[in-house]
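# Geometric and topological summary
Each chain is listed here by its residues.
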Amino acid sequence: MTGILYLVATPIGNLEDITFRAIRILQEVDLIAAEDTRHTGKLLQHYQIKTPTISYHQHNHQTRVTELSEKLLNGLNIALVSDAGTPVISDPGYHLVLSCIENTINIIPIPGAMAGINGLIASGLPTERFCFEGFLPTKKKLRDNLLHSLVTEKRTIIFYEAPHRVEKTLTDFAQFFGLNRNLTLARELTKLHEEFWRGTIQEAITFYQNREPKGEFTIIVEGNNQKEELELSETEIKLEMVKLLNQGMSKSEASQHLAKYTNFSRREIYQLTLIDDI
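Here is a short report on the structure shown in this document. (Residues numbered from 1 in each chain as written. Predicted model: local features only at pLDDT ≥ 70, side-chain atom pairs only at ≥ 80, totals over all residues. Heavy atoms only, no water.)

Across its full length, the chain carries 11 helices and 10 strands. For the chain, whose C-alpha radius of gyration is 26 Å, the value lies well above the compact-globule estimate of 19 Å for 278 residues. Counting over 278 residues, the chain shows a buried share of 44%. Roughly 15,700 Å² of accessible area belongs to the chain as shown, and the carbon and sulfur atoms make up 50% of that amount. Treating the 29 positive side-chain charges of the chain as one cloud and the 35 negative ones as another, the clouds have centres 2 Å apart. (Helix = DSSP H or I, 4+ residues; strand = E, 2+ residues; numbered from the N terminus. Rg over C-alpha atoms; globule rule 2.2 N^0.38 Å. Buried < 20%, exposed > 50% of the residue type's maximum accessible area, 1.4 Å probe, protein only. Areas by Shrake-Rupley, 256 points an atom, 1.4 Å probe, with all protein chains shown as cover. Lys, Arg positive; Asp, Glu negative; His and termini not counted. Charge placed at Lys NZ, Arg CZ, Asp CG, Glu CD.)

Another point: the pattern of salt bridges. Throughout the structure, instances matching the rule amount to 12 salt bridges. Close ionic contact of K191 with E188 constitutes a salt bridge, the shortest N to O distance being 3.8 Å. Connected through shared salt-bridge partners, R143, E161, R165, K168 and D172 make up one network. (Salt bridge = Lys/Arg side-chain N within 4 Å of Asp/Glu carboxyl O.)

Take the sheet that holds strand β10 (residues 217-221) next. Spatially, β6-β7-β10-β8-β9 is the arrangement adopted by the 5 strands of the open sheet, whose pairing is mixed. What marks the edges here is a single partner per strand, and that holds for β6 (130-135) and β9 (195-200). Averaged over all adjacent pairs, the angle separating strand axes in this sheet is 15 degrees, with direction ignored. Sheet topology note: the strand β8 (residues 182-187)/β10 ladder contains 5 bridges and is antiparallel. Bridging across to β10, A186 finds its partner in T218. Relative to the sheet, helix α7 (residues 166-177) contacts β7 (156-161), β8 and β10, its axis offset from that of β10 by approximately 10 degrees. (Pairing = 2+ DSSP bridges. Axes fitted to C-alpha atoms, helices over the stretch in contact; angles between N-to-C directions. Contact = heavy atoms within 4.5 Å.)

For the rest of this paragraph, the subject is the environment of E161. Considering the arrangement of structural elements, one finds E161 in strand β7. C-alpha separation for the pair E161 and T206, spaced 45 residues apart in sequence, amounts to 18 Å. With residues up to four places along the chain from it excluded, the contact list for E161 reads F135, L136, R143, V166, T169, E216, F217 and I219. In terms of polar contacts, E161 uses its side chain to reach the side chain of T169, at 2.6 Å. (Polar contact = N/O pair within 3.5 Å; in protein donor to acceptor, adjacent residues only side chain to side chain.)

Further remarks concern the packing of aromatic side chains. Using the criterion set out here, one finds 7 aromatic pairs in the structure. Pairing F132 with Y160 gives two aromatic rings, centres 5.1 Å apart and planes at 75 degrees, and the pair type is edge-to-face. One end of the pair, F132, is in strand β6; the other, Y160, is in strand β7, with 28 residues separating them in the sequence. Among the residues examined, F132 registers a relative accessible area of 29% and is labelled partly exposed. Pairing W197 with F207 gives two aromatic rings, centres 5.5 Å apart and planes at 40 degrees, and the pair type is tilted. Of this pair, W197 sits in strand β9 while F207 sits in helix α8 (residues 201-207), and the two are 10 residues apart along the sequence. With a relative accessible area of 15%, W197 lands in the buried category. Pairwise contacts between aromatic rings join W197, F207, Y208 and F217 into one cluster. Across from the ring centre of F207, 4.0 Å away, lies the NZ or CZ of R211, which sits over that ring. (Phe/Tyr/Trp six-rings, centres within 6.5 Å; stacked < 30°, edge-to-face > 60°. Lys NZ or Arg CZ within 6 Å of the ring centre and 35° of its normal.)

Read these as spatial facts, not as claims about activity.
Structure follows, in structure tokens:
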């Protein structure tokens, strides 16, 4: 029998934000693979968990994947944790997950905190559809290419950012998204100095001109909600009106519907129907 890889979410700040199930799993597994064993050690000490730990991070994951996979194949149960939040999100746990899938090793996720979701639900921005981008690339070309690809993104966008790069990131947002796009800056989530700042990109840049950003940031950016207008002629508008009327819409309803997607206002469209007696 092979072992099980548990992907265990841990607190992102407040040590109380961990599930009973997560604590039990951390107590029962044979080994805990941690991004930083010293950091995770504080959590384990707080809950009196004595399970041995091994480091697993971006600098050693290539050798650790083989080592941990062998242990799992030999029947050991292992819990993977990150420094904070849900593992595999913005950390190298993905490589271990792939190895387990290739070796038919059972993987069980243990849900819990994630900074991106915490920031999103309190942002005041639309939550029906969103995308997660995590940390932006540090190299300018890669960074610019990514932001350019997001210019027309209609979903709410979630980013992570370190405090010393917040001002640069806001400037980049202004360049690609414009100054009037709404966003929320959530910092130090679940910690003593948790704070949410809401406003436009321009207002955020002004806010931090005389303040030093402190703490880890989750940045929630409004999607591109600009109306994409179809450039239609009066003849094309009339043809679209006829189609909608044949579908059972009234002239008023059809005019309002077309005004959402075209370069004509509802009143202008309605007047066209009166002129030609559509």
